[in-house]
Amino acid sequence: MNKILSIALLLLAGFTTNAQDKKAKDLLDQVTAKIKTYDNVTIDFKYTLNNSKENINKESKGNLLLEGNKYVLNFMGVTKIFDGKKSYTIVPEDEEITISSLNEKDENAITPSKMLTFFNTGYKFTWDILQDVKGRKIQYIKLIPTNPKDQRKEILLGIDSQTKNIYNVIEMGKNGTKTTLTVNSFKTNQPLSKNQFTFVASKYPNYYINKID
């Protein structure tokens, strides 16, 4: 009788896990589909990095403007512009600009399409907790990297249950480091200028320009 009960519990646990995985996949598919409906996205975010063992506690703010395969990212004092062909990394502190082309065959290359849909490949995922954040229902999906060399142990992806937009991303490193990116503002379909993603060298007359290719 005990053996039958144990087998039944194992089968039930497996069924529950599979059902949760399907729920997780369905929600992630909804997030991906929603992103594709926007002409452009403007995000203001907060980024924190903590490691109690190393006594590290850092906080930064940034913003991202994304349209199709183009973007402008401002983060930690650095501006990165991608015009669809070339990437321009502007570092005011060093008065240096690095220009490089995108290698579309490089799976590790950070491209606009990966920024808000990174979770579609390379992870196992399960349904996690639901939290109430200032009246918003945030459903978490736990992501486990499938690459054993990945230095991240797990990732919690928080999704607004109503809007299906990403609210935050929490990464737990194997070395005890925890990073959290929280979306403070998420705007879509904003009016943009024609030169929004154009790099203008004349704005940086004294900068050293490093052309990688």
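For the structure itself, look to the data block above.
Keep in mind that this is a model prediction, so the values were computed, not measured. (Residues numbered from 1 in each chain as written. Predicted model: local features only at pLDDT ≥ 70, side-chain atom pairs only at ≥ 80, totals over all residues. Heavy atoms only, no water.)

1. Remarks on the nonpolar core
Here's step 1: L28, F119, I141, L143, L157, I159 and I166 are the most contacted members of the largest nonpolar core, which has 13 residues in total.
Here's step 2: For this core, the secondary-structure elements that each account for two or more residues are α1 (2-36), β8 (136-145), β9 (152-160) and β10 (166-173).
Here's step 3: Among the elements that line this core, the one with the most residues is α1, at four residues.
Here's step 4: If we skip the residues at most four places from it in the chain, I159 touches L27, L28, V31, K137, I138, Q139, I141, K164, N165 and Y167.
Here's step 5: Grouped together as the second largest cluster of nonpolar side chains are eleven residues, Y38, V41, F45 and L66 included. (Core = buried A, V, L, I, M, F, W, Y, C linked by side-chain atoms within 4.5 Å. Buried < 20%, exposed > 50% of the residue type's maximum accessible area, 1.4 Å probe, protein only. Helix = DSSP H or I, 4+ residues; strand = E, 2+ residues; numbered from the N terminus. Contact = heavy atoms within 4.5 Å.)

2. Some details on the sheet that holds strand β5 (residues 86-91)
Here's step 1: Within the open sheet, the twelve strands sit side by side as β7-β8-β9-β10-β11-β1-β2-β3-β4-β5-β6-β12. Their pairing is mixed. Pairing within the sheet leaves two strands with one partner each, and these edge strands are β7 (123-133) and β12 (208-211). Strand after strand, the sheet turns through a mean of 15 degrees between neighbouring axes, direction not considered.
Here's step 2: Here four bridges tie strand β6 (residues 96-101) to β12, and the two strands are oriented parallel to one another. Looking at β12, one finds that E96 is bridged to Y208. (Pairing = 2+ DSSP bridges. Axes fitted to C-alpha atoms, helices over the stretch in contact; angles between N-to-C directions.)

3. Brief notes about the pairing of β8
Here's step 1: In the sheet, β7 pairs with β8 via nine bridges, with the strands oriented antiparallel. Directly across from V133, in β8, lies its bridge partner R136.
Here's step 2: In this antiparallel pair of consecutive strands, β7 and β8, the connection spans two residues, and K134 shows a positive phi of 50 degrees.
Here's step 3: Pairing of β8 with β9, which is carried by six bridges, proceeds in the antiparallel orientation. The partner of I141 across the bridge, within β9, is L157.
Here's step 4: The turn linking β8 back onto β9 is made up of six residues.

4. Let's talk about the environment of F119
Here's step 1: For F119, the position within the fold is in the loop between α2 (112-115) and β7.
Here's step 2: Separated by 36 residues in the primary sequence, F119 and I155 place their C-alpha atoms 9.6 Å from one another.
Here's step 3: The residues contacting F119, other than those within four sequence positions of it, are L28, V31, T32, L143, L157 and I166.

5. Some thoughts on the side chain of T177
Here's step 1: Take T177: it is sitting in the loop between β10 and β11 (178-188).
Here's step 2: Polar contacts involving the side chain of T177 include one to the side chain of N51, which spans 2.8 Å. (Polar contact = N/O pair within 3.5 Å; in protein donor to acceptor, adjacent residues only side chain to side chain.)

6. Description of the packing of aromatic side chains
Here's step 1: Scanning all chains against the criterion turns up nine aromatic pairs.
Here's step 2: Ring-pair connections join several aromatic residues into one group, and the members of that group are Y88, F199, Y204 and Y207. (Phe/Tyr/Trp six-rings, centres within 6.5 Å; stacked < 30°, edge-to-face > 60°.)

7. So, the pattern of salt bridges
Here's step 1: Overall, the coordinates contain eight salt bridges when judged by the stated rule.
Here's step 2: Notably, a salt bridge pairs K137 with D132, separated by 3.1 Å at the nearest N-O pair.
Here's step 3: Among the residues examined, D132 registers a relative accessible area of 49% and is labelled partly exposed.
Here's step 4: The salt bridge partner of E171 is R152, with a shortest N-O separation of 3.2 Å. In this pair, E171 is assigned in strand β10 and R152 in strand β9, connecting sequence segments 19 residues apart.
Here's step 5: Taking relative accessible area as the criterion, E171 reaches 23% and is therefore assigned partly exposed.
Here's step 6: Sharing partners across several salt bridges, the network here consists of D128, K142 and E154. (Salt bridge = Lys/Arg side-chain N within 4 Å of Asp/Glu carboxyl O.)

Function-wise, these values are silent; they only describe arrangement.
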